[in-house]
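# Secondary and tertiary structure notes
Below, each chain spelled out in residue letters.
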Amino acid sequence: MIKVLKEGLFTTIQDIGRFGYKNIGVPVSGSMDQTSAKLANLLLGNDESSAVLEMTLVGPTLEFMNDTYISITGADMNPSLNKQKVLQNKPLFVNKGDILYLSHSSNGMRSYLGIKGGFNSEKKLGSKSFYRGITKREKLIKNDKIKFAKVTSSPMKMNKSINDFKINRKNKINVFKGPEFDLLDSNSKDIIFNTDFTIGVNNRMGYNLVEPIENSISSIISSPVMPGTVQLTPSGRLIILCRDCQTSGGYPRVLQLDKSSMDSLSQKTIGETIKLKLV
Amino acid sequence: MKKNNIFFKVFNEESILIQWNDKVSIKLIDSIISYKNLIEKELKETLIECVQSINSMMVIYNPNKINSKDLINILKKLSTSAFIVTKKKKKIWSIPVCYDISFGIDLKDLSTLNNISIDEIISLHSSTTYNVLSMGFLPGFLYLGMNHKKLYCERKDKPELNIKSGSIGIARDQSGIYPQDSPGGWRIIGRSPISFFNVDDKSPCFAEPGDKIKFQSISLSDFNKIEKNRSSYDIKYKLL
């Protein structure tokens, strides 16, 4: 078990997501940066769909109640084990009683903590990903205890590490044309691809972009949306929907991010800029 | 389905959007449901899920098993093949609603706005048989059509921050049920005491698109009685 000594800013359990329930309005959820989460699992020899911790901007402090192996990927939260600095992107052995500290993130927004065998938290509708109204918790709080599998196999080779792995920090975001893209006038299209958009308020549901464009498209009949759908709101501001987004919406869907751009976007925070590029 | 009214579009690396240019109707929704059932049967191996909406459907697939071009070809074939709209008996669910002013926080405004008495709003709303058009927005949120034209209204300019679970709202020509506490912009005319989404049930939501719903006006004291035992309340339905 892990005991949460400090919860951090927004720490959740995530996996690859919840599938098959969009028809009744249940979002897909799952890790925002799927590549980093997958890497955390691969380093430990886990199935890539195993549950990990997603830690946002300020990481938690965690006490281990059993021996196990862990891995930390994604943004750099300056991790230390019993006040000793430890490396990311590498399997680490932890002893019962060890305390892991994660602080403010640099070079990214979200870190992932993988654990040998994955976390054994409650599974709802096929996934352990936290979501309000589906799982009991929407985020971890102090004194929560999270179960994980007992390490029974012999210790793994500890030389497995990916030191040169870096999360994608480029500001280029690849997009496809969305279903309502062609309703935009040519001026708006120009602006979309020639503006450095500043990231505004954001969370797991969506990223608001600050710079408005002229909106000449009216609302559409409520239609399916996906993580990565870029909606144009009546005020002319763009919203990029993320993993916890609703399953349908009535704003025009002007663009759609590709999957790897979703991973890079989820490492960006308020005030950073992005440039949209048609692929 | 008429061939020239249906469009297929690659949405991203793992989904195809199918869109109908027909007028929104119950007939269209029923044929989208039949088409969805056919896709789910024929493409079991490659499909992740189909998300149906009022005049469109998202087909999410495993790109390791099929490419978008081949999938679109199969989807096109399935759409033109003469499938029969399943003549399944439809359920009409009876949903108890208390239209008391304390729950229907927008009844007064709507009455002024549409120049209609509160009694008439209640009587029009509870005498209409609604169709479940789709679900979305929140887990178990039901989009229901269509409101009597005297009830037509736009969403509120400023959404409420906390609409209570069970609230019944109207916006444009649709009604909706809030299955959990949530912000929202629909005009709230009443509240149901029952639970609309139970994550531990085999089917977390009682209804599905294509079903029908009729609201039954109940008193405040009935509301309280039902709410006390809401976990054991069985939502009643008739077969049409």
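Every value quoted in this text rests on a predicted model; they were computed, and no experiment measured them. (Residues numbered from 1 in each chain as written. Chains lettered and ligands numbered in written order. Predicted model: local features only at pLDDT ≥ 70, side-chain atom pairs only at ≥ 80, totals over all residues. Heavy atoms only, no water.)

### What to know about empty space enclosed by the protein
Residues and elements named next belong to chain A. How we decide: Only protein atoms enter the calculation, which uses a 1 Å grid: trapped sets of points that fit a 1.4 Å probe without letting it out are cavities, open sets showing protein on both sides within 12 Å along at least five of seven lines are pockets, and any residue with an atom within 4 Å of a point is a lining residue. Grid points are joined across faces, edges and corners, and a volume is the space filled by probe spheres set on the points. Amino acids outside the nonpolar list (Ala, Val, Leu, Ile, Met, Phe, Trp, Tyr, Cys, Pro) and the charged list (Asp, Glu, Lys, Arg) are all regarded as polar, and Gly is one of them. Here the bounds of each domain stem from an automatic or database domain assignment.
In this structure the tally under the stated criterion is one cavity of 30 Å³ or more. For the largest cavity, the full set of lining residues is K22, P27, V28, V225, M226, P227, R243, C245, Q246 and T247. Tallied by class, residues from the lining of the largest cavity come to six nonpolar, two polar and two charged. Both domain 1 (2–146) and domain 2 (172–278) contribute no fewer than three residues apiece to the lining of the largest cavity.

### A look at the environment of A:G133
Here is the rule: We count a stretch as a helix when DSSP gives it H or I for four or more residues in a row; a strand needs E for two or more, and each element gets its number in order from the N terminus. Whether two residues touch is decided by their heavy atoms; if any such pair falls within 4.5 Å, the residues are in contact.
Among the secondary structure elements, A:G133 is positioned in the loop between β10 (106–115) and β11 (145–146). Separated by 125 residues in the primary sequence, A:G133 and A:D258 have C-alpha atoms spaced 28 Å apart. Residues contacting A:G133, with those up to four places away along its chain left out, are B:Q180 and B:V199.

### Digging into the side chain of A:S188
All names here are of chain A. Stated precisely, the cut-off is as follows: A 1.4 Å probe rolled over the protein chains alone gives each residue an accessible area, and that area as a share of the maximum for its type sets the label: buried under 20%, exposed over 50%, partly exposed in between. Any N or O atom pair separated by 3.5 Å or less is treated as a polar contact, with the protein-specific requirement of one donor-capable and one acceptor-capable atom, and with residues adjacent in sequence counted only for side-chain atom pairs.
Note that S188 resides in helix α2 (residues 186–194). Its relative accessible area of 0% is what places S188 among the buried residues. A distance of 2.8 Å separates polar atoms of two side chains, one belonging to S188 and the other to D185. Engagement of the side chain of S188 in a polar contact is seen with the backbone oxygen of E214, the distance being 3.3 Å. Those residues in contact with S188, other than ones at most four positions away along the chain, are I213 and E214.

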